[in-house]
Amino acid sequence: MIKNDLFLKALNNETVERPPVWMMRQAGRYLPEFMAIKEKYDFFTRCKTPELASEITVQPIRVIKPDAAILFSDILVIPQAMGIDVELQDNIGPVLPNPIRKATDVDKVFVPDINETLGYVMDAIDMTREKLNDEVPLIGFAGSPWTIFCYAVEGKGSKSFDKAKGFCFSNPVAAHLLLQKITDTTILYLKEKVKHGVNAVQIFDSWGGMLSPTDYTEFSWQYINQIVEALADSTKVIVFGKGCWFALNDMAKSKAAAIGVDWTCSPRNARYLTGGKITLQGNFDPSRLLSPIPVIKKMVHEMIDEFGKDNYIVNLGHGILPNIPVDHAKAFVEAVKEYKK
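No experiment lies behind these values; they were computed from the predicted model shown.

Secondary structure assignment for the chain yields 15 helices and nine strands. Relative to the compact-globule value of 20 Å for 341 residues, the chain shows a C-alpha radius of gyration of 19 Å, a close match. Its C-alpha atoms give the chain principal-axis dimensions of about 60 × 45 × 35 Å. For the chain, with 341 residues in total, the buried portion stands at 57%. Within the chain, contacts between residues at least 6 apart in sequence are counted, and of these 75% link residues at least 24 apart. Computed over 39 positive and 41 negative side-chain charges, the separation of the two mean positions in the chain equals 4 Å.

All right, on to the packing of helix α4 (residues 50-63) against helix α7 (residues 114-132) then. One way to put it is that α4 packs onto α7 with a least axis distance of 8 Å and a crossing angle of 45°. In this view, α4 runs oblique relative to α7, as classed from their interaxial angle. α7 is crossed by α4, and the crossing has right-handed handedness. Within the contact between the two elements, α4 uses Pro 50, Glu 51, Ala 53, Ser 54, Glu 55, Thr 57, Val 58 and Ile 61 and α7 uses Tyr 120, Asp 123, Ala 124, Met 127, Thr 128, Lys 131 and Leu 132.

As annotated in UniProt, the feature "domain: Uroporphyrinogen decarboxylase (URO-D)" (unreviewed entry) corresponds to residues 20-29 and 139-155 in the numbering used here. Helix makes up 0% of residues 20-29 and strand 0%, with an end-to-end C-alpha separation of 23 Å. Secondary structure over residues 139-155 splits into 59% helix and 29% strand, and the C-alpha atoms at its two ends are 28 Å apart.

Moving on to the sheet that holds strand β6 (residues 236-241). Ordered by their spatial adjacency, seven strands build an open sheet running β1-β4-β5-β6-β7-β8-β9, and the pairing between neighbours is parallel. At either end of the open sheet lies a strand with only one pairing partner, and these are β1 (69-70) and β9 (312-316).

A few words now on α7. In the structure, α7 departs most strongly from a straight axis at Tyr 120, where the bend amounts to approximately 50°. Where the residues of α7 are buried, they touch α3 (43-48), α4, β1, α5 (77-81), β4 (138-143) and α10 (172-195). Of the residues that open α7, the one with a side-chain oxygen 3.0 Å from the backbone nitrogen of Asn 115 is Asp 113. One or two positions beyond α7, positive phi appears at Asn 133, with a value near 55°.

Residues annotated by UniProt as "binding site: substrate" (unreviewed entry) correspond here to Arg 25, Gln 26, Ala 27, Gly 28, Arg 29, Phe 44, Asp 74, Tyr 151, Ser 206 and His 318. Across 294 residues of sequence, these annotated residues are also dispersed in space, with a maximum C-alpha separation of 22.9 Å. Within the annotated group, the residues that form the lining of the largest pocket are Arg 25, Gln 26, Ala 27, Gly 28, Arg 29, Phe 44, Asp 74, Tyr 151, Ser 206 and His 318. Here Gly 28 is to be found in the loop between α1 (6-11) and α2 (32-38). Note on Gly 28: relative accessible area 7%, which makes it buried. Positionally, Tyr 151 belongs in helix α8 (residues 145-154). Using a relative accessible area of 11% as the deciding quantity, one classes Tyr 151 as buried. The contact partners of Tyr 151, leaving out residues within four places of it in the chain, are Ile 75, Leu 76, Pro 94, Leu 96, Lys 156, Gly 157, Phe 161 and Trp 207.

Parameters and conventions
Residues numbered from 1 in each chain as written. Predicted model: local features only at pLDDT ≥ 70, side-chain atom pairs only at ≥ 80, totals over all residues. Heavy atoms only, no water. Helix = DSSP H or I, 4+ residues; strand = E, 2+ residues; numbered from the N terminus. Rg over C-alpha atoms; globule rule 2.2 N^0.38 Å. Buried < 20%, exposed > 50% of the residue type's maximum accessible area, 1.4 Å probe, protein only. Contact = heavy atoms within 4.5 Å. Lys, Arg positive; Asp, Glu negative; His and termini not counted. Charge placed at Lys NZ, Arg CZ, Asp CG, Glu CD. Axes fitted to C-alpha atoms, helices over the stretch in contact; angles between N-to-C directions. Parallel < 35°, antiparallel > 145°, perpendicular 65-115°, else oblique. Left-handed = near helix turned anticlockwise from the far one by under 90°. UniProt positions renumbered as here; feature names shortened; annotations may be inferred. Pairing = 2+ DSSP bridges. Bend = angle between axes of the 7 residues up to and from the residue. Polar contact = N/O pair within 3.5 Å; in protein donor to acceptor, adjacent residues only side chain to side chain. 1 Å grid on protein atoms, 1.4 Å probe; cavity = no way out; pocket = protein on both sides within 12 Å on 5 of 7 lines; lining within 4 Å.

This is the structure we're talking about:
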């Protein structure tokens with residue numbers, strides 16, 4: 001039994017004393033302990049070495065003490081496993097040197113054997129669970145098929161992902177084939193994570209907001225929903241789409257246990273758009289953690305009041321930024337633990 005099961009209670013729509021709290025990218029560059037490991041090992045070495053990945057995962061549990069851990073990994077391990085080269089370049093971020101631009105490129109991409117290609121992730125889960133010792137739940141995650149597709153076609157990060165969108169609209173058959181291959185791989189990957197004992201999974205649709213509502217349904221949501229349908233009977237699935245307020249209603253009708261919300265959508269609107277019952281997660285602006293600590297605490301309490309303490313998981317509206325002082329991250333978590341209705 002998990003000793004602190006607040007996060008799981010919120011996913012089960014149970015009444016709680018206070019909402020649970022964790023932060024996207026909580027195992028990240030704002031932590032000096034993380035930076036000490038980063039200085040010694042490159043990014044994919046950290047991802048692919050279970051001893052390192054598990055240590056990085058539990059660092060924030062020791063330091064800022066949130067109510068859940070999220071496995072340290074990266075969404076781009078999926079395209080790597082599918083035969084697409086991925087590099088991480090300093091000051092640029094992820095670079096895919098051979099982007100997919102035509103149908104013949106899509107044909108070369110394959111659905112891999114998960115244990116052969118991503119077994120190191122499962123080993124990291126096993127080691128992390130040992131280190132956590134059932135103190136808090138462990139979250140596994142994957143990028144949405146559309147978000148992975150964006151990197152695979154664009155070849156790197158982008159402010160607009162015009163090449164990815166252009167590929168969808170000019171070559172929809174090949175685009176849908178690639179999206180389906182990514183979806184099939186993601187389902188196998190997350191199912192394997194569940195077998196290894198993660199307590200919930202989150203799908204990150206970081207670039208969903210690049211699409212119009214109609215295109216979102218066709219090129220993103222239908223594939224996310226396949227994943228939700230495939231996993232819902234075996235675990236709790238959280239769906240987070242950045243900039244996807246327009247899809248909240250569809251998401252709420254799915255088998256997802258919770259929906260992540262970014263800071264551009266008010267709690268009131270998020271509750272309205274999702275029908276008022278499903279668990280919501282979010283949505284503190286990550287930059288707001290640069291505010292003075294008393295302001296952070298006041299704003300967190302106001303945010304909980306607006307969402308309501310039940311059917312709610314306190315989080316940021318996207319990942320924590322590298323320049324956030326550790327004390328401010330701690331204050332964010334403490335504010336939730338101090339909350340009294």
